[in-house]
Amino acid sequence: MAAPEGVFVHARALCESRQVGPGSRVWAFAHILPGARLGAECNVCDHVFIENDVVVGDRVTIKCGVQLWDGIELGDDVFIGPNATFCNDRMPRSKCYPAEYLKTRVEARASIGANATVLPGLTIGRNAMVGAGAVVTRSVPPNAVVVGNPARIVGYVDTLGQAEPGVSSGPVAPTVAGGVQLIRLPLVKDMRGDLTVGEFGRSLPFTPRRYFMVMNVPSQEVRGEHAHRECEQLLLCVRGRCQVMTDDGSVRREFTLDDPTLGLYLPPMTWGVQYKHSADALLLVFASHYYDADDYIRDYQCFLDTVAAGSGPAT
């Protein structure tokens with residue numbers, strides 16, 4: 001069978017699809033079924049099998065020994081490591097076929113490590129990283145790094161191992177990255193007990209209209225994962241510790257909150273995530289606005305689009 005125009009197909013590969021973009025390469029013993037759609041400049045390595053109802057974006061690398069089953073969609077610039085395994089049926093039985101296979105999506109620029117397993121019906125978020133051998137049982141947020149069985153978030157791309165600062169770091173001068181600020185509150189020590197204080201409108205950046213507390217979070221759970229259009233927030237971990245990742249659409253940073261005198265200010269149009277809660281963690285959050293569901297942006301791509309349109313980041 002002749003290769004599609006502009007596509008290299010090895011003599012020992014079988015490419016039945018005519019929907020393969022120019023510049024793509026299909027190597028030995030790979031088999032692509034007729035209904036599959038592949039973008040431009042893809043690299044399909046040896047012993048890859050791609051079923052009919054599969055969509056692959058541009059510049060995707062699929063390493064040796066990978067099978068892409070019906071219902072799988074890979075975005076642009078995705079990397080799939082050797083022998084990574086995808087599933088599309090939660091309850092498979094021989095000769096029993098579902099009316100429709102579950103959709104599994106790997107969004108743009110995400111990477112799946114060697115021998116990882118991704119269960120059906122999940123989304124691997126934009127720019128996420130799945131570690132080698134991980135078993136992914138839940139959708140992975142954008143930019144998250146997950147490892148283990150079951151896979152858990154251990155950090156975020158561009159911030160892994162760079163959390164700043166914790167209680168061991170000593171005094172903190174306010175730092176700014178896209179408007180995010182660490183604020184060290186005063187500590188008054190006394191034989192009767194210690195006291196810390198902040199004055200809204202003076203030492204603190206806004207006057208709150210509401211507060212809420214987050215507690216009893218299992219250590220593997222993730223909170224936040226949204227931005228606010230107008231609302232400002234101040235986060236204080238008054239007991240225990242947690243990690244906070246912030247993203248203004250261009251700069252991503254991570255902070256450790258493990259001291260009740262250390263506050264983290266999040267301006268509007270800041271994507272925020274809290275995770276790695278200690279068992280005793282108690283997170284106190286002050287907010288500049290009353291609760292308004294319309295103020296939330298819960299989709300990361302929508303957040304990036306809003307920032308690009310000129311609505312942020314705030315300064």
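Residues numbered from 1 in each chain as written. Predicted model: local features only at pLDDT ≥ 70, side-chain atom pairs only at ≥ 80, totals over all residues. Heavy atoms only, no water.

### Considering the pattern of salt bridges
As enumerated under the stated definition, the model contains 9 salt bridges in all. Salt-bridge contacts for Glu73 lead to Arg105; the nearest nitrogen and oxygen are separated by 3.8 Å. Placement of Glu73 in strand 11 (residues 72-74) and of Arg105 in strand 14 (residues 104-106) is noted, with a sequence separation of 32 residues between them. For Glu199, the salt bridge is made with Arg202, and the minimal N-O distance between the two is 3.6 Å. (Salt bridge = Lys/Arg side-chain N within 4 Å of Asp/Glu carboxyl O. Helix = DSSP H or I, 4+ residues; strand = E, 2+ residues; numbered from the N terminus.)

### Regarding the confidence of the model for the chain
On average, the chain scores 90 in pLDDT, and the residues at 70 or more come to 92%. Counting contacts from residues 167-178, a segment whose pLDDT is below 50, to residues more than four positions away or on other chains yields 25 contacts. (pLDDT = per-residue confidence, 0-100. Contact = heavy atoms within 4.5 Å.)

### Description of the sheet that holds strand 12 (residues 79-80)
Read from one edge to the other, the open sheet built from 9 strands follows the order 1-3-6-9-12-15-18-20-21, with strand pairing classed as mixed. Every interior strand has two partners, whereas the edge strands, strand 1 (8-9) and strand 21 (152-156), have only one. Summarising the sheet, strand 9 (residues 61-62) and strand 12 pair through 2 bridges and their orientation is parallel. Opposite Thr61, over in strand 12, you have Phe79 as the bridge partner. (Pairing = 2+ DSSP bridges.)

### Examining the pairing of strand 32 (residues 271-275)
When you tally the buried positions in strand 32, you get 5 out of 5 residues, the bulk of the element. Judged by which residues are buried, strand 32 turns out to be covered on both faces: Trp271, Val273 and Tyr275 on one side and Gly272 and Gln274 on the other are all buried. Note that strand 27 (residues 223-228) and strand 32 share 3 bridges and pair antiparallel. Within the sheet, the bridge partner assigned to His226 lies in strand 32 and is Gly272. In terms of strand pairing, strand 29 (residues 242-247) meets strand 32 through 5 bridges, oriented antiparallel. Following the sheet pairing, Met245 is matched in strand 32 by Val273. (Buried < 20%, exposed > 50% of the residue type's maximum accessible area, 1.4 Å probe, protein only.)

### Describing the packing of aromatic side chains
Enumeration according to the criterion identifies 10 aromatic pairs in this entry. Ring geometry for Tyr291 and Tyr296: centres 5.6 Å apart, planes at 50°, overall tilted. A relative accessible area of 54% means that Tyr291 is categorised as exposed. Look at Tyr296 and you get buried, because its relative accessible area is 13%. (Phe/Tyr/Trp six-rings, centres within 6.5 Å; stacked < 30°, edge-to-face > 60°.)

### Quick word on the sheet that holds strand 17 (residues 123-124)
Here 5 strands make up an open sheet; going across it, the order is 5-8-11-14-17 and the pairing parallel. The two strands at the open ends of the sheet, each matched to only one other strand, are strand 5 (37-38) and strand 17. Direction of pairing for strand 5 relative to strand 8 (residues 55-56): parallel, over a ladder of 2 bridges. Across the sheet, residue Leu38 finds its bridge partner in strand 8, namely Val56.

### Let's talk about the nonpolar core
Membership of the largest hydrophobic core comes to 54 residues, with the highest contact counts inside it found for Ile50, Ile62, Leu68, Leu74, Ile112, Ile124 and Phe303. If you list the elements that add at least two residues to this core, you get strand 11, strand 20 (144-147), strand 21, strand 32 and helix 1 (300-311). For this core, the element with the most residues is helix 1, which contributes 4 residues. Residues within four places of Ile62 in sequence aside, it is in contact with Asn43, Val44, Cys45, Val48, Ile50, Leu68, Leu74 and Ile80. (Core = buried A, V, L, I, M, F, W, Y, C linked by side-chain atoms within 4.5 Å.)

### Let's talk about the state of the cysteines
Following the criterion strictly, the structure yields 0 disulfides and no others. Free cysteine: Cys64, not disulfide-bonded; nearest cysteine sulfur from Cys45 at 4.8 Å. Residue Cys64 is classed as partly exposed on the basis of its relative accessible area, which comes to 34%. Free cysteine: Cys96, not disulfide-bonded; nearest cysteine sulfur from Cys87 at 17 Å. Looking at Cys96, the relative accessible area reads 47%, which means it is partly exposed. (Disulfide = S-S within 2.5 Å.)

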